[in-house]
Amino acid sequence: MRKVVKFGGSSLASAEQFKKAGDIIRRDTERRYVVPSAPGKRFDKDTKVTDMLYGCYAKAEEGKDFKADLKAIKDRYQEIISGLQLELSLDEEFKVIEKNFKAKAGEDYAASRGEYLNGIIMAHYLGFEFIDAASVIVFGEDGEFEAEKTNGILAERLGKIEKAVIPGFYGAYEDGRVKTFSRGGSDITGSIVARAVRADVYENWTDVSGFLVADPHIIENPPVIETITYKELRELAYMGAAVLHEDAIFPVRREGIPINIRNTNEPEEEGTWIVESTCQKSKYIITGIAGKRGFCSVNIEKDMMNSEIGFGRKVLQAFEDNGISFEHVPSGIDTMTVFVHQDEFVDKEQKVASAIHRMAGPDAIEIESDLALVAVVGRGMKSTRGTAGRIFSALAHKNVNVRMIDQGSSELNIIIGVSNSDFERAIQAIYEIFVEVQL
Ligand code: ASP
């Protein structure tokens, strides 16, 4: 067995957290490849090292004195090194970083040093080999991650190494310039490494015990989802349920490698398994509920719309021409509605409306704002009668007015549009009926 383990920033924020991670790794010799994040927050109001690096580099770029900021970053690492009683000095590394900051090596280079330095400490602490991600994770000139090239290089390199630490979050262009993924990107690195070594499992260690059925800010103590499919996860993640970076499922998905989300502070808990497919039933009919506020609907009416070929294309062209992506397009005989993100749309609404008039000639357009979308996701819904019925009666009982309904063609999800002010009540109503009452 071969396991790839990724530790998030809060799992490596201090020497104490490092020890927990170290114990987890040493407890199981199959945990052979380790992907660390940069040190995260030690307490609520603390600053992540990545954010300290961005701030420090911004000063360097403006030609301001950044010495004190860099010293504060060095202190964070020194605290970990001393707490672990390691014989390790990062003096030389910090000299190079200071020189490169002065030479304006770029924001991505700056941010990547968080993972890079944490990787050096982790490798030293565990006695594993350190591999600089810049030498194995490749980006193309267009800034896109080169999946196949990287996979070849990494597989070859790690094939010869029994145990290694590969820092998360960054790689490099072919000319050696460092490039990072988007924020939270160490999750992606972990997935890339798991694919390259054909791991049996990709363990993602964080500070929660897995994916929750609903947002704990809205529902008190929701249960952990034991098993979820990649597809379900994508639906929930898209709708705002954030534990794992959205792009982290793609590399492992190609190889059918399961992801196990675990809690560094509660290592005996099983966490959540993210798999391609499963015959395990969810505990409840639904797997999870998630949602987002801040949508607008553009309602378009035209008599005889149903018989006008190409009407929908012309309407959507108006959105495309203005660089706006749409979320959902429910339609009726003479009506069509397009849901968009309000913040992307507000500045362009009049341009889009006139483009629709020009291109599609509708009878009327009406724009509504402050809508929320709630997604009820579950592989079990397909084979269960009456799920939709139960959702809507629960909403009616809680006086939530449903403004839009959309059942995905996969029957994996039902999306409901409600007004922003009904958002939390809608989630509570659905949660109660499926999880608390378990109807
Ligand atoms: N340290 C980076 C961030 O804060 C990447 C990561 O933690 O995954 O976004």
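Refer to the preceding data block for the structure.
In this report, we go over the structure that sits alongside the text. Computed from a predicted model, the values in this text were never measured in an experiment.

The rules behind the values
Residues numbered from 1 in each chain as written. Predicted model: local features only at pLDDT ≥ 70, side-chain atom pairs only at ≥ 80, totals over all residues. Heavy atoms only, no water. Near = heavy atom within 4 Å. Polar contact = N/O pair within 3.5 Å; in protein donor to acceptor, adjacent residues only side chain to side chain. Areas by Shrake-Rupley, 256 points an atom, 1.4 Å probe, with all protein chains shown as cover. Nonpolar A, V, L, I, M, F, W, Y, C, P; charged D, E, K, R; others polar. Core = buried A, V, L, I, M, F, W, Y, C linked by side-chain atoms within 4.5 Å. Buried < 20%, exposed > 50% of the residue type's maximum accessible area, 1.4 Å probe, protein only. Helix = DSSP H or I, 4+ residues; strand = E, 2+ residues; numbered from the N terminus. Contact = heavy atoms within 4.5 Å. Phe/Tyr/Trp six-rings, centres within 6.5 Å; stacked < 30°, edge-to-face > 60°. Expected span 1.5 Å × (residues − 1). Pairing = 2+ DSSP bridges. Axes fitted to C-alpha atoms, helices over the stretch in contact; angles between N-to-C directions. Parallel < 35°, antiparallel > 145°, perpendicular 65-115°, else oblique. Left-handed = near helix turned anticlockwise from the far one by under 90°.

Attention now goes to the site of the ligand. What surrounds the ligand is the set S37, K48, T50, E115, F169, R183, G184, G185 and S186. T50 places a polar side-chain atom, nitrogen or oxygen, 2.8 Å from a nitrogen atom of the ligand. One nitrogen or oxygen atom from the main chain of G185 is found 3.3 Å from an oxygen atom belonging to the ligand. Out of a free accessible area of 260 Å², the ligand has 92% covered by protein chains. In terms of residue class, the shell around the ligand is made up of one nonpolar, five polar and three charged.

Here we take up the nonpolar core. Among the nonpolar cores identified, the biggest contains 116 residues, and F101 and I121 are the most heavily contacted of them. Looking at which element gives the most residues to this core, the answer is helix α5 (residues 107–126), with 10 residues. Leaving out residues up to four positions away in the same chain, I121 has contacts with F18, Y77, I80, I81, L84, L86, L88 and L90. Ranked by size, the runner-up nonpolar core spans 17 residues in total, among them V298, I300, V315 and A360.

A separate point is unusual backbone geometry. One non-glycine residue, M304, lies in positive phi territory at about 65°. Within the element layout of this structure, M304 appears in the loop between β12 (288–301) and α10 (311–321). Although it is not a glycine, D370 adopts a positive phi angle of roughly 55°. Turning to its location among the elements, D370 is positioned in strand β15 (residues 364–377).

On to the packing of aromatic side chains, then. Scanning the model with the defined rule gives 11 aromatic pairs in all. Ring centres of F18 and Y125 lie 6.3 Å apart, and the angle between their planes is 70°; this geometry places the pair in the edge-to-face category. Remark: Y125 occurs in helix α5 and F18 occurs in helix α1 (residues 15–27); sequence separation between them is 107 residues. Judged by relative accessible area, Y125 falls into the buried class, the value being 16%. On the basis of an interplanar angle of 55° and a centroid distance of 6.3 Å, the ring pair of Y77 and F94 is categorised as tilted. On the criterion of sequence distance, the pair formed by Y77 in helix α3 (residues 67–83) and F94 in helix α4 (residues 91–102) is long-range, its members being 17 residues apart. We note that Y77, like F94, is buried. Put simply, the rings of Y57, F66, F101 and Y109 pair up and form one aromatic cluster.

All right, on to the side chain of N299 then. Relative to the helices and strands, N299 resides in strand β12. Of the residues examined, N299 reaches a relative accessible area of 18% and is grouped as buried. In terms of polar contacts, N299 uses its side chain to reach the side chain of S297, at 3.5 Å. Polar side-chain contacts of N299 include one of 3.3 Å to the side chain of E368.

The end-to-end C-alpha distance of helix α14 (residues 423–436) is 19 Å, a good match for the 20 Å that 14 residues give at a rise of 1.5 Å each. Restricting attention to buried positions, one finds in α14 the residues F423, A426, I427, A429, I430, Y431, I433, F434 and V435. In the core, the buried residues of α14 are packed alongside β12, β15, α13 (387–397) and β17 (413–419).

Attention now moves to the sheet that holds strand β4 (residues 138–139). With mixed pairing, three strands are arranged side by side in an open sheet as β4-β6-β7. Edge positions in the sheet fall to β4 and β7 (178–180), since each of these pairs with one other strand and no more. Where strand β6 (residues 170–173) lies against β7, three bridges are found, and the strand directions are antiparallel. Residue pairing for β7: A172 is matched across the bridge by V178. The strands that α5 touches are β6 and β7; relative to β7, the one it contacts most, it runs at about 75°.

Below, the discussion takes up the sheet that holds strand β8 (residues 201–206). Spatially, β3-β5-β2-β1-β8-β10-β11-β9 is the arrangement adopted by the eight strands of the open sheet, whose pairing is mixed. Each of the sheet's edge strands pairs with one partner strand only, and the pair in question is β3 (129–130) and β9 (227–229). Relative to strand β2 (residues 31–36), strand β1 (residues 3–7) is paired through five bridges, and the arrangement is parallel. Opposite K6, over in β2, you have V35 as the bridge partner.

Here we come to the environment of D75. Assignment of secondary structure puts D75 in helix α3. Taking the relative accessible area as the measure of exposure, D75 reaches 37% and is therefore partly exposed. In the structure, D75 is positioned 87 residues away from E162 in sequence and 32 Å away in space, judged by C-alpha atoms.

In the contact formed by α1 and α5, the axes pass within 11 Å of each other and the chain directions differ by 55°. For the element pair α1 / α5, the angle class is oblique. In this structure, the crossing between α1 and α5 has a hand that is right-handed. Together, F18, K19, A21, G22, I25 and R26 of α1 and N118, I121, M122, Y125 and L126 of α5 make up the contact between the two elements. Here the residues of the contact of α1 with α5 sort into seven nonpolar, two polar and two charged.

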